[in-house]
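# Fold and contact review
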Amino acid sequence: MKIVTQVKLMPEADQAAALSATLRTVNDLACWVSEVALAHGVPREYELRKHTYPRLKAEGLGAQAAQHVIKKVRDAYTALRANMRAGNLGKPKSKRRIRAESKPITFRSEAAQPYDDRCLSWQYDTQTVSIWTTAGRLKNVRFVCSADALKTLREYRKGEADLIERDGVFYLIATCEVPEAETYEPDGFIGVDLGIVNIVTTSTGYRAAGRGLNRYRKRQLDLRTKLQKKRTKSAKRRLKERSRREARHVKNTNHIISKTIVTEAERTSAGISLEELKGIRQRVRLRKPQRVALHSWAFAQLGDFIVYKAKRAGVPQAFVGPAYTSQTCAECGHVDKRNRVDQGLFICRGCGVVAHADRNASHNIATRGESVWNAGRESRVPATPQGCLDGGVHPSSQLGTTSKPGPSEPG
């Protein structure tokens, strides 16, 4: 399983100047490579290299750095085409689609630049790195991180690392290959219902209310509206700062919630059942005041956090369809749109049970998750002897034994 670990660089003044100049140079050249790629119809990486590699070398880039600049540009166009195929940039011939196709991709001066082991080496004992720059190789550049992050880097770092600059501070984001824990056989499933009023409601009773987060977002939205009206450089700078601050706050909240859910599942030897919510923004039609809440809802990030934390802990997972989970009674299975009286109240028209709507939905998700898990199990029932096919009695039936299904395997 791939995860990323971030460390903060602590360069001296001359080292910081060299790192900043390097990022500006490689990203300026990446913009030029992007223009060349668009002019030649965005060719494959090998052909694009023939058009651009000589000049990149002449501009002072090392061989590996030049290759990474070309690959970065080609990957950006691959991502652009994937977004267009998915319809994320509008329909064909729409203004947004035409603008995206007709202009070359540009890169910010502080955009990330990938480094491999030929351009970057780590010294964990002294917590320093040796890194390539346009001014030459910088040695003994200090970095700081937590003890857990340092342990992860020492044991599992593998592949490239990205150098980025954020508000004048430099960071290295390294890729780590962490082994997944062995998945155990679950004793039931915890259903996880995601929402806006309640960020998470589980079938075990845990509920993360979204009131505080929604108030925080509303306050940030009001501040952004005031700053956008000013249209000054300082206002734009403050907007960027507040945007990053809000993202960090939401990310931290999602980390706390996901860790709580996975810890509870691991403690009780249970699995986790999640709704498959991909494409919900395209399916759901809301009034204009509700769109801000939906599109700022980081449900995908929360789901990803739960998934990777569960994999590291060996917690089984099942993904189920979200259809009718809020309209189905978890007690009798009766499905009726009128069962959902309002946002928080569920009253079954069949058996009359009264429950919290999100709690009822989480029980339905848990039941579906267990069914999905059981359906994927490998049967361990012994093959039927020929005598049984001819009307005989299997020896196990005389003993009154039953065979239990085995662990889950992919279908």
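Structure first, text after, so check above.
Residues numbered from 1 in each chain as written. Predicted model: local features only at pLDDT ≥ 70, side-chain atom pairs only at ≥ 80, totals over all residues. Heavy atoms only, no water.

## Observations regarding the packing of helix α7 (residues 233-267) against helix α10 (residues 299-313)
Running from N to C, α7 and α10 cross one another at 40°; their axes reach a closest spacing of 9 Å. With respect to their mutual orientation, α7 and α10 come out oblique. With respect to the hand of their crossing, α7 and α10 are arranged in right-handed fashion. Here Val250, Lys251, Asn254, His255, Ile257, Ser258, Lys259, Ile261, Val262 and Glu266 of α7 lie close against α10, whose contacting residues are Gln301, Leu302, Phe305, Ile306, Tyr308, Lys309, Ala310 and Ala313. In the contact of α7 with α10, the residues fall into 10 nonpolar, four polar and four charged. (Axes fitted to C-alpha atoms, helices over the stretch in contact; angles between N-to-C directions. Helix = DSSP H or I, 4+ residues; strand = E, 2+ residues; numbered from the N terminus. Parallel < 35°, antiparallel > 145°, perpendicular 65-115°, else oblique. Left-handed = near helix turned anticlockwise from the far one by under 90°. Contact = heavy atoms within 4.5 Å. Nonpolar A, V, L, I, M, F, W, Y, C, P; charged D, E, K, R; others polar.)

## Observations concerning the sheet that holds strand β2 (residues 113-115)
The sheet built from seven strands is open, its strands ordered β2-β6-β7-β1-β5-β4-β3 with antiparallel pairing. Of all strands in the sheet, those with a lone pairing partner are β2 and β3 (120-123), marking the two edges. Going from strand to strand, the sheet's axes swing by 35° on average, the running direction of each strand aside. Summarising the sheet, β3 and strand β4 (residues 128-133) pair through four bridges and their orientation is antiparallel. (Pairing = 2+ DSSP bridges.)

## Some words on unusual backbone geometry
It is generally the case that most residues other than glycine have a negative phi and that most peptide bonds are trans. Despite not being glycine, Lys93 has its phi angle at roughly 75°, a positive value. Looking at where Lys93 falls in the secondary structure, it is placed in the loop between α3 (63-86) and α4 (95-102). Taking relative accessible area as the criterion, Lys93 reaches 78% and is therefore assigned exposed. (Buried < 20%, exposed > 50% of the residue type's maximum accessible area, 1.4 Å probe, protein only.)

## Some points on the pairing of strand β11 (residues 271-275)
Taken across its five residues, β11 has five buried, putting it largely inside the fold. Side chains Gly271, Ser273 and Glu275 of β11 all project onto a buried face; the interleaved residues Ile272 and Leu274 project onto the opposite face, where all are buried too. Summarising the sheet, strand β8 (residues 189-194) and β11 pair through four bridges and their orientation is parallel. Bridge assignment links Ile190 to a residue of β11, and that residue is Ile272. In this sheet, strand β12 (residues 317-320) lies alongside β11 in parallel orientation, the contact comprising four bridges. The residue bridging Glu275 from the neighbouring strand is Val320, located in β12.

## What to know about a positive patch on the surface
Together, Lys95, Arg96, Arg99 and Lys103 make up a region of like positive charge exposed at the surface. Inspection of the secondary structure assignment puts Arg99 in helix α4. Classification of Arg99 by relative accessible area gives partly exposed; the value is 46%. (Patch = residues over 30% accessible without salt bridge, like charges linked within 9 Å, V, L, I, M, F, W, Y side chains within 5 Å. Areas by Shrake-Rupley, 256 points an atom, 1.4 Å probe, with all protein chains shown as cover. Salt bridge = Lys/Arg side-chain N within 4 Å of Asp/Glu carboxyl O. Lys, Arg positive; Asp, Glu negative; His and termini not counted. Charge placed at Lys NZ, Arg CZ, Asp CG, Glu CD.)

## Topic: the packing of helix α1 (residues 13-39) against α3
Where α1 contacts α3, the two axes come as close as 9 Å, and the packing angle between them is 55°. In terms of their interaxial angle, α1 and α3 are classed as oblique. Handedness of the crossing formed by α1 with α3: right-handed. Together, Val26, Asn27, Leu29, Ala30, Val33, Ser34, Ala37 and Leu38 of α1 and Val69, Lys72, Val73 and Tyr77 of α3 make up the contact between the two elements.

## Some details on a nonpolar patch on the surface
A contiguous nonpolar surface patch, about 230 Å² in accessible area, is contributed by Val341, Ile347 and Val354. Within the secondary structure layout, Val341 lies in the loop between β12 and β13 (345-347). Take Val341: its relative accessible area is 45%, and that puts it in the partly exposed class.

## Some details on the pairing of strand β1 (residues 2-10)
If a strand is regular, its side chains alternate between the two faces of the sheet. With burial as the criterion, only one face of β1 is covered, namely that bearing Ile3, Thr5, Val7 and Leu9; the residues Lys2, Val4, Gln6, Lys8 and Met10 on the opposite face remain uncovered. In the sheet, β1 pairs with strand β7 (residues 169-177) via seven bridges, with the strands oriented antiparallel. If you follow Lys2 over to β7, its bridge partner there is Glu177. In the sheet, β1 pairs with strand β5 (residues 136-144) via three bridges, with the strands oriented antiparallel. Paired with Met10 across the strands is Arg142, a residue of β5.

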